[in-house]
Amino acid sequence: FTVTDSVRTAELGSCMMIFAYWNPQILNISRLLNPQTGEYVPIRVTKLGSDTLTVRGSPQTADHYRLVGDATIGGKLLIDLWYSADQRWLALESTTEDGRRLRYQLQ
């Protein structure tokens, strides 16, 4: 897989992932491709424990993870993710550049 921008060309290998939070395989990856910038971002994923989220009107135990990345373009990434025991994506939370909290959650 080759990514070319106005400055460089990079060979990234044949199998890489983008920031597809709904795919639990993201928890096992050390680099993600940002399709908007072409940057192959190094990331670290840490399990923070379990939380209870309300999903479809019922409390559900969710595994809580933190994804941290060091992007050259756009700076540091800090994204919290929640998945069910069967690895379904339940929620995402992050802070925008202007300091607002952004949260997506399965209702």
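Please refer to the structure placed before this passage.
Residues numbered from 1 in each chain as written. Predicted model: local features only at pLDDT ≥ 70, side-chain atom pairs only at ≥ 80, totals over all residues. Heavy atoms only, no water.

K.L.:
Kindly report on the environment of A91, identifying the contributing residues and their values.
P.N.:
Secondary-structure assignment places A91 in strand β7 (residues 89-95). Exposure remark for A91: the relative accessible area of 0% places this residue in the buried category. Sequence-wise, A91 and Y104 are 13 residues apart; in three dimensions their C-alpha atoms are separated by 5.4 Å. Apart from residues lying up to four places away in sequence, A91 is in contact with L53, D80, L81, W82, R103, Y104 and Q105. (Helix = DSSP H or I, 4+ residues; strand = E, 2+ residues; numbered from the N terminus. Buried < 20%, exposed > 50% of the residue type's maximum accessible area, 1.4 Å probe, protein only. Contact = heavy atoms within 4.5 Å.)

K.L.:
Before we move on, can you summarise the layout of surface pockets with the specific residues and values?
P.N.:
Unoccupied space between atoms shows up once a probe the size of one water molecule is rolled over them. The volume enclosed by the largest pocket comes to roughly 670 Å³. Elements supplying a minimum of two residues to the lining of the largest pocket: β6 (76-83), β7 and β8 (101-105). Sorting elements by how many residues they give to the lining of the largest pocket places β6 first, with 4 residues. Taken together, the residues of the lining of the largest pocket break down into 13 nonpolar, 8 polar and 2 charged. (1 Å grid on protein atoms, 1.4 Å probe; cavity = no way out; pocket = protein on both sides within 12 Å on 5 of 7 lines; lining within 4 Å. Points joined across faces, edges and corners; volume = space filled by probe spheres on them. Nonpolar A, V, L, I, M, F, W, Y, C, P; charged D, E, K, R; others polar.)

K.L.:
Describe in detail the side chain of H64, supporting the description with residues and values.
P.N.:
Within the secondary structure layout, H64 lies in strand β5 (residues 58-70). Using a relative accessible area of 11% as the deciding quantity, one classes H64 as buried. A distance of 2.9 Å separates a polar atom in the side chain of H64 from a polar atom in the side chain of D51. Non-local contacts of H64, meaning those with residues more than four positions away in its chain, are made with T46, K47, L48, G49, D51, D80, L81 and W82. (Polar contact = N/O pair within 3.5 Å; in protein donor to acceptor, adjacent residues only side chain to side chain.)

K.L.:
Report on the packing of aromatic side chains, specifying residues and quantitative values.
P.N.:
As enumerated under the stated definition, the model contains 2 aromatic pairs in all. An angle of 70° between the planes, with centres 6.1 Å apart, marks the rings of Y65 and Y83 as edge-to-face. Placement of Y65 in strand β5 and of Y83 in strand β6 is noted, with a sequence separation of 18 residues between them. Across the ring face of W82, the terminal group of R103 is positioned such that the distance to the ring centre comes to 4.7 Å. (Phe/Tyr/Trp six-rings, centres within 6.5 Å; stacked < 30°, edge-to-face > 60°. Lys NZ or Arg CZ within 6 Å of the ring centre and 35° of its normal.)

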